[in-house]
Amino acid sequence: MLNWTQGGQTHHARWRSHAGLPPPRRVVPADDTLGADHAYRLACEGTAILWQGDFNNARQLLQAIARRIERRRPKRGATPQETFNLHRLAQAQRARTLAMLLVPLDAHYRIPLRRAPDLSGACAHAYGPPPGGDAVSVVSLRELLGMVGAFEWHRKGVVIDALGGARIHPHYGVFSPVRGEYLDLIAQAPLPAGADALAFDIGTGTGVIAALLARRGVRRVIATDVDSRALDCARENVARLGLSAQVEVVRADLFPLSRRAPLVVCNPPWVPARPSASIEHAVFDPDSRMLRGFLAGLPAHLAPGGEGWLVMSDLAEHLGLRPREAFLAMIDAAGLQVLNRVDIRPRHPKASDAADPLHAARAREVTSLWRLAVRGC
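Only a predicted model underlies this, so the values are computations on that prediction, with no experimental measurement involved.

Definitions and limits used
- Each chain carries its own residue numbering, running from 1 in the direction its sequence is written.
- Predicted model: local features are reported for residues with pLDDT of at least 70 only, side-chain atom pairs are reported and counted for 80 or more only, and whole-chain, interface and lining totals are derived from all residues.
- Only heavy atoms go into the side-chain values, all of them from the structure, while hydrogens and water stay out.
- Two strands qualify as a pair provided DSSP detects at least 2 bridges between them.
- Only DSSP runs of H or I covering at least 4 residues are called helices, and only runs of E covering at least 2 are called strands; the numbering of each starts at the N terminus.
- Fitted lines through C-alpha atoms give the axes, limited to the stretch in contact for helices. The angle between two N-to-C directions lies from 0 to 180 degrees.
- The contact definition used throughout considers only heavy atoms, calling two residues in contact when any of these lie within 4.5 Å.
- Cavities and pockets were defined on a 1 Å grid built from protein atoms only: a cavity is a group of points that admits a 1.4 Å probe but offers it no way out, a pocket is an open group of points flanked by protein on both sides within 12 Å along at least five of seven lines, and a lining residue is one with an atom within 4 Å of any such point.
- Grid points are joined across faces, edges and corners, and a volume is the space filled by probe spheres set on the points.
- Put simply, Ala, Val, Leu, Ile, Met, Phe, Trp, Tyr, Cys and Pro go in the nonpolar bin, Asp, Glu, Lys and Arg in the charged bin, and everything else, Gly too, in the polar bin.
- Between buried and exposed lies partly exposed: a residue is buried under 20% and exposed over 50% of the maximum accessible area for its type, with that area taken using a 1.4 Å probe on protein chains only.
- UniProt positions are given in the numbering used here, feature names are shortened, and annotations may be inferred rather than shown by experiment.

Enquirer: I would appreciate a short explanation of the sheet that holds strand 5 (residues 101-105) in the present structure.
Expert: What links the strands of a sheet is backbone hydrogen bonding, and the strands pair in either a parallel or an antiparallel sense. Reading across from one edge, 1-2-6-5-4-3 is the order of the six strands in this open sheet, with mixed pairing throughout. Looking at which strands have only one partner, the edges of the open sheet turn out to be strand 1 (2-6) and strand 3 (26-30). Across the sheet, the mean angle separating the axes of adjacent strands is 40° when strand polarity is ignored. The pairing of strand 4 (residues 47-51) with strand 5 spans two bridges and is classified as parallel. Looking across to strand 5, one finds that Leu-50 is bridged to Leu-102. Against the sheet, helix 5 (residues 141-156) makes contact with strand 2 (9-16), strand 5 and strand 6 (137-140), and its axis sits at roughly 80° relative to strand 6, the strand it touches most.

Enquirer: Quick question: what am I supposed to make of empty space enclosed by the protein here?
Expert: A water-sized probe rolled over the atoms picks out the places where empty space is left. With the rule as written, the count across this model stands at two cavities of 30 Å³ or more. What lines the largest cavity is Met-312, Ser-313, Asp-314, Ala-316, Glu-317, Arg-322, Arg-324, Phe-327, Val-366, Ser-368 and Trp-370. The set of elements that each furnish at least two residues to the lining of the largest cavity consists of strand 13 (302-313), helix 10 (315-318), helix 11 (324-333) and strand 15 (367-374). Here the lining of the largest cavity is built from residues that sort into five nonpolar, two polar and four charged.

Enquirer: What is the right way to look at helix 7 (residues 208-215) in this model?
Expert: With seven of eight residues buried, helix 7 lies mostly within the body of the structure. Along helix 7, the residues that are buried comprise Val-208, Ile-209, Ala-210, Ala-211, Leu-212, Leu-213 and Ala-214. A positive phi of about 110° marks Gly-217, the residue just after helix 7.

Enquirer: Just to check I follow, could you spell out the UniProt feature "domain: Methyltransferase small" (unreviewed entry) in the protein for this structure?
Expert: Mapped onto this structure's residue numbering, the UniProt feature "domain: Methyltransferase small" (unreviewed entry) falls at residues 190-313. Secondary structure within residues 190-313 divides into 24% helix and 26% strand; the distance between the first and last C-alpha atoms comes to 20 Å.

Written as structure tokens, this is what we have:
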């Protein structure tokens, strides 16, 4: 619960935070008379601002606070790893500061502020059906606007060239497949013998890889994930594409139990660092846990003569977070051998954005499909 005092009375409301942030301890009500400099100082001090004025003015205030947040620049001569750590620290501090501007929601996810749009559809997509009754909740305006953006991605979908222009519709909290180059690798790699009968997609997310394998002619694909949002998202996308007869989406920690397949595909998080929000689990993998788990378990889940396809970016190497030698040692320790590796350059905008603090590493990034097999087979 979020608590604040106004007019000599104590008020309470349900606190909502998809990122899992605790409710702010200090809350002050504010309206259109609050200046941006004062709001910025309050946010930096950890005091939340519960907005009671015009909604459009709240959005402008959020933008004004963002402009006042100094962009933390890496020190001269910093190593790539230091640059990465400073960048992540700056991102976290920026997120915490911007999260201090709050707006109320009524029991039907309506915003009881002047000129507030109807964002109930985006809220229902993220939170589930409205509670009804007289329940009041409070959410960070930054998170609310993020939900609106995610809802638009879900509503419109993401065009996937490797699927012939079909669309994948990500759910809130499920990473969107906006980087298409890794899908091109999977679409073009030769299927190993027997893979037309069965394949596994480990950590399916939106289900895009499972759908791609099915479109390539794999008669049965078992797609796994542990996140309930991802499971719902994958099932919906598979059904939307008319592939439910070929693709089975199941809850599993990495591999389906007691099963082997001629082809096992995994696109794990690429950067061995701690995520700061739930959606970042698709990008950051602390101590390479998922990567290590996939490699260690792969021999027991490959059919004789089968292949494991591991999709990885080498960004972590350029950031000094995981040397190539350490990555190859993981493969060797799992009793695996590299049959082949196919590379592709990223096409996303950050790869060519010189203003990005990590540009030096992104400009050298290569995404690869590693074709792995059990050593000696």
